Amino acid sequence: MFDTALSSSDLLFLAKGAGMTIIVTVISVTIGTVLGILFGVIRVQLGAVLSAPLTFFLDIFRSVPLLIQLVLANAFMGMVLRLQLSGFTVACMVLSLYTAAYCSEIVRGSIDAVPSTTRRAARSLGMSWAQDMRYIVMPLATRVALPSWIGLALGVMKDSALVYVVQVTELLKSTQILITRLQEPLFLLMICGAFYFLISFPLARFGGYLEKRWSND
């Protein structure tokens, strides 16, 4: 019969770690999405040449591994800027910019996917740029962007496991602490995976529901 030293308090400890994972993910994805939309629209409006500095800045976050970004950002804030920021704050800042870098590409591609003839028709009807973006571009672009954005959000949730390097005790770090104490790695990692599944599955299903509903409209 299977025997384990895992107690209810240990499960509560894992649940708290899962809660931290959710908090970091929600904050980072929310801020990153807002910034990503802003950056994506700016890149489309300015064109490739004028938006080159912004594109280069975002490419840094897409190209450098997230683990290195977290370590360097934490060191830069403390050693260079002399700012006493918590690991949680640093983690949210880096993950937000990381999310924004990828989200801007999703937004740019989604806006470019809207047929130019549709946009010209809207402008010929007397719509302003703001009205064109609000009533024509954004509804169509959102349908194109949704699957990629869902994948990005799920990816950020899993990548949040790396924030342990800035002393944030999220789900995976909580699991590692229990593994060190209980010496039951396989069982604890299975429970950790179950927590990640419970967090990500509803978001994935909701995204699939919206995508299916919109495809039938």
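Keep in mind that what you see is a predicted model, and the values were worked out from it rather than measured.

Novice: How do you make sense of the UniProt feature "transmembrane region" (unreviewed entry) in the protein chain when you look at a structure like this?
Specialist: Taken from the UniProt record, the annotation "transmembrane region" (unreviewed entry) applies to residues 20-42, 54-77, 83-103, 144-166 and 186-204. Taken end to end, residues 20-42 comprises 100% helix and 0% strand; its first and last C-alpha atoms sit 33 Å apart. Annotated as 100% helix and 0% strand, the span residues 186-204 places its first and last C-alpha atoms 26 Å apart.

Novice: Whenever I open this one, the packing of helix H1 (residues 8-50) against helix H7 (residues 171-182) confuses me. Can you help?
Specialist: Each packed pair of helices is defined by two parameters, the angle between the axes and the distance between the axes. Interhelical geometry of H1 versus H7 gives an angle of 155° and a closest axis separation of 7 Å. It follows from the interaxial angle that H1 and H7 lie roughly antiparallel. Taking contact as the criterion, the partners of Asp10, Phe13, Leu14, Gly17, Ala18 and Thr21 in H1 are, on H7, Leu171, Ser174, Thr175, Ile177, Leu178, Arg181 and Leu182. When its residues are assigned to classes, the contact of H1 with H7 shows 7 nonpolar, 4 polar and 2 charged.

Novice: Hey, could you run me through the pattern of salt bridges in this one?
Specialist: Side-chain pairs of opposite charge can arise whenever the charged atoms involved come near each other. According to the stated counting rule, one finds 7 salt bridges in the structure shown. Across the pair Arg43 and Glu105 runs a salt bridge whose closest N-O atoms are separated by 2.6 Å. A residue pair is termed long-range when its members are at least 10 positions apart, and Arg43 in helix H1 and Glu105 in helix H4 (residues 87-113) qualify at 62 residues. A residue is classified by how much of its surface remains accessible, and Arg43, at 9% relative accessible area, is buried. For Glu105, a relative accessible area of 25% gives the class partly exposed.

Cut-off values and rules
- Residues numbered from 1 in each chain as written.
- Predicted model: local features only at pLDDT ≥ 70, side-chain atom pairs only at ≥ 80, totals over all residues.
- Heavy atoms only, no water.
- UniProt positions renumbered as here; feature names shortened; annotations may be inferred.
- Helix = DSSP H or I, 4+ residues; strand = E, 2+ residues; numbered from the N terminus.
- Axes fitted to C-alpha atoms, helices over the stretch in contact; angles between N-to-C directions.
- Parallel < 35°, antiparallel > 145°, perpendicular 65-115°, else oblique.
- Contact = heavy atoms within 4.5 Å.
- Nonpolar A, V, L, I, M, F, W, Y, C, P; charged D, E, K, R; others polar.
- Salt bridge = Lys/Arg side-chain N within 4 Å of Asp/Glu carboxyl O.
- Buried < 20%, exposed > 50% of the residue type's maximum accessible area, 1.4 Å probe, protein only.

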